Amino acid sequence: MHHSAFILGTGGGVMQATTNEAIICTLTATRDRTLQIIGLDNIAKLVVYVSDQTHSSYAKACKIAGILPCNIRQITTTIDTNFALCALTLGKIIKADVAASLVPLYLCLSVGITSTIDVDPINQFIDMASDYGIWIHVDAAYGGSVCICLEFRHYLDGIERVDSLCLNAHKWLLSYLDCCCLWVKNPSLLVKALGTYPEYLRNKPSELQSVVDYKDWQIGTTRRFRSLRLWLVLRSYGIANLQNHNRSDIQMAKIFEGLVKLDSRFEIVVPTRFSLVCFSLNLFSKGDLKQTELLNRKLLEWVNSTGRVYITHTIVGGIYLLRFAVGATLTQEHHIVAAWELIREGADTLLKL
């Protein structure tokens, strides 16, 4: 986190189970703050904004927080921006909502969008959100972990001006489920929205505010000792080894990307940014998406049925693509080469049928 995010001493962090919970908590906090100003009867006017590539848990969190489904703006992205959110498009949508007497509430940006692991440029949205009083939450569930490496820190440029940030240590910081780290600029808003004070939980340290009652920073009342598992990882590996792990994963992903580019039957659909490679077996014209999808579905099934490699798929912008992720601690370069040879074997087999 940028040092200026801590200068005023008002920010704070809490361990959540998942990104979904982090979004629910922060969305509830800004919802309640805004409703105190415009009145509880105006909850139907609240509007939230997100890229169409953001994780599906966002829509679920909005529904739980009472946001009308028709007020969840999922902004369409395109391959021209590598499926990152466009500030110009968002600005037009916000202006239209304000003109319709709606109230912009919450914007979720992603550092490592789910399908292709691309990045929404945080800096481009800061002033816009400030002008309209919009809470900015940065979902860095996957990509945030790699920012422990200085050469990737620029993906968080502008983070000191956002309202909240979460990253999942169980995705790329070698912890296990569930371990989501949430930071908020103004924790008092969380406490006001989520705090509960039954008599049977009252105690002098809490009343004197000499301790932090994390039950008021989350949905549930009880907590798992998630911080211990993360502490053990940090103490066992150290910052240098965690950085080396991330850099090694990215390097091996680049190796896989290079192998894909050497075979003219395949294409890289979006540039490889971190340790996920999005590719496709494409023997047809650009307009023949159905045939390309069918071929890649068969390839996915063939590869996974061997039990030797597991790859996943997604659809972005109407394009069906395959996803090769590097992240296990024991993965080495020869595993990457063997995986690629298996994928090529699958392609050869299918094309002979």
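Notes on the structure follow. These numbers come from a predicted model, not from an experiment.

1. Structural notes on unusual backbone geometry
Omega for the peptide link from Leu 177 to Asp 178 comes to -10°, which places this bond in the cis form. Phi is positive for Leu 174, close to 65°, though the residue is something other than glycine. Secondary-structure assignment places Leu 174 in the loop between α5 (169-172) and β7 (180-184). With a phi close to 60°, Gln 209 is a non-glycine residue in the positive phi region. Among the structural elements, Gln 209 can be located in the loop between α7 (204-207) and α8 (226-262). According to the relative accessible area criterion, Gln 209 is exposed, its value standing at 71%.

2. Points about empty space enclosed by the protein
For the coordinates displayed, the defined rule picks out one cavity of 30 Å³ or more. Here the largest cavity defines a volume of roughly 40 Å³. In terms of residue count, the dominant contributor to the lining of the largest cavity is helix α9 (residues 289-305) (three residues).

3. Looking at the sheet that holds strand β11 (residues 319-325)
On the basis of which strands lie adjacent, the open sheet formed by four strands has the order β8-β9-β11-β10 and antiparallel pairing. Strand pairing shows two members of the sheet lacking a second neighbour, β8 (266-270) and β10 (312-316), which therefore form its edges. Neighbour to neighbour, the strand axes of the sheet diverge by 45° on average, direction disregarded. Two strands pair when backbone bridges link them, and β10 and β11 are joined in this way by five bridges, in the antiparallel orientation. Bridge assignment links Thr 314 to a residue of β11, and that residue is Leu 321.

4. Thoughts on the packing of α9 against helix α10 (residues 333-352)
As a packed pair, α9 and α10 sit with axes 9 Å apart at the nearest point and diverge in direction by 125°. If you check the angle between α9 and α10, you find them oblique. Crossing geometry of α9 relative to α10 is assigned as right-handed. Along the contact surface, α9 presents Leu 295, Lys 298, Leu 299, Trp 302 and Val 303, while α10 presents Leu 342, Ile 343, Glu 345, Gly 346, Ala 347, Thr 349, Leu 350 and Leu 351.

About the criteria used
- Residues numbered from 1 in each chain as written.
- Predicted model: local features only at pLDDT ≥ 70, side-chain atom pairs only at ≥ 80, totals over all residues.
- Heavy atoms only, no water.
- Helix = DSSP H or I, 4+ residues; strand = E, 2+ residues; numbered from the N terminus.
- Buried < 20%, exposed > 50% of the residue type's maximum accessible area, 1.4 Å probe, protein only.
- 1 Å grid on protein atoms, 1.4 Å probe; cavity = no way out; pocket = protein on both sides within 12 Å on 5 of 7 lines; lining within 4 Å.
- Points joined across faces, edges and corners; volume = space filled by probe spheres on them.
- Pairing = 2+ DSSP bridges.
- Axes fitted to C-alpha atoms, helices over the stretch in contact; angles between N-to-C directions.
- Parallel < 35°, antiparallel > 145°, perpendicular 65-115°, else oblique.
- Left-handed = near helix turned anticlockwise from the far one by under 90°.
- Contact = heavy atoms within 4.5 Å.

In short, the description is geometric, and any link to function would need to be established separately.
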